[in-house]
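# Notes for the structure review
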Amino acid sequence: MTETSPCRVCGDDIAPDRAATCNNCQGPFHLRTRQDQDGTDCGDVWIHDQHLSLEFACNLCLGKAGKEPAIGEGH
Ligand SMILES: [Zn+2]
Ligand SMILES: [Zn+2]
């Protein structure tokens, strides 16, 4: 049992220095905070044009999660 929640996107545990919280769903996800870190990001961060605040979004909310290739293409 840990206090950290698993990544909402890939389900793996998140190291404290790689944890980000999605502004949309409030779920935790992997995000590299330094350029020398390896591994994959499970979301993205950018600066809001007007608020100049950091916006975090997980891949699920960005529609990029794509764990498996779509089968049948039938929504
Ligand atoms: Zn992840
Ligand atoms: Zn999200």
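All values reported here derive from a predicted model rather than from experimental measurement.

What counts as what
All chains use their own residue numbering, which begins from 1 and follows the written sequence. Here chains are named by letter from A upward and ligands by number from 1 upward, in the order in which they appear as written. The predicted nature of this model means local features are confined to residues of pLDDT at least 70 and side-chain atom pairs, given and counted, to a pLDDT of 80 or more, with totals for whole chains, interfaces and linings taken over all residues. Heavy atoms throughout the structure, all of them, feed into the side-chain values; hydrogens and water do not. Per the convention used, a helix needs a DSSP run of H or I reaching at least four residues, while a strand needs a run of E reaching at least two, with both numbered from the N terminus. Residue exposure (1.4 Å probe, protein chains only): buried if accessible area is under 20% of the type maximum, exposed if over 50%, otherwise partly exposed. Contacts: residue pairs with any heavy atoms within 4.5 Å of one another. What sets the accessible areas is the Shrake-Rupley method with a 1.4 Å probe; for residues, cover comes only from the shown protein chains. Any N or O atom pair separated by 3.5 Å or less is treated as a polar contact, with the protein-specific requirement of one donor-capable and one acceptor-capable atom, and with residues adjacent in sequence counted only for side-chain atom pairs. We call an atom a donor if it is N, O or S and sits within 2.8 Å of the metal, or 3.2 Å for Na, K and Ca. Water is not counted, so some sites may look partial. Sites are called tetrahedral only when four donors show all angles between 85 and 135 degrees, square planar or octahedral only when four or six donors show opposite pairs over 155 degrees and all other angles between 65 and 115, and irregular in any remaining case.

### Considering the overall build of the protein chain
Scanning the protein chain for helices and strands turns up one helix and four strands. Beginning at the N terminus, the succession of helices and strands in the protein chain can be written as β-β-β-β-α. Residues classed as buried in the protein chain amount to 23% of the 75 residues present. Pairs at least 24 residues apart make up 25% of the contacts formed inside the protein chain by residues separated by at least 6 positions. Summed over all atoms, the accessible surface of the protein chain reaches about 5,800 Å², with 49% contributed by carbon and sulfur.

### Here's the deal with the side chain of Glu-55
Here Glu-55 lies in strand E4 (residues 54–58). Within the local environment of Glu-55, its side chain forms a polar contact with the side chain of Ser-53, the two groups lying 3.3 Å apart.

### Brief notes about the coordination of the zinc ion (ligand 2)
Only Cys-22 (SG), Cys-25 (SG), Cys-58 (SG) and Cys-61 (SG) from the protein coordinate the zinc ion (ligand 2), and they sit 2.3 to 2.4 Å from it. Because the angles between the four donor atoms bound to the zinc ion (ligand 2) fall within 102 to 117°, the donor set is best described as tetrahedral. Mapping the donors of the zinc ion (ligand 2) onto the primary sequence gives the spacing C-x2-C-x32-C-x2-C. Within this pair, whereas Cys-25 is found in the loop between strand E1 (19–21) and strand E2 (28–30), its partner Cys-58 is found in strand E4, the two being separated by 33 residues in sequence. Classification of Cys-25 by relative accessible area gives partly exposed; the value is 25%.

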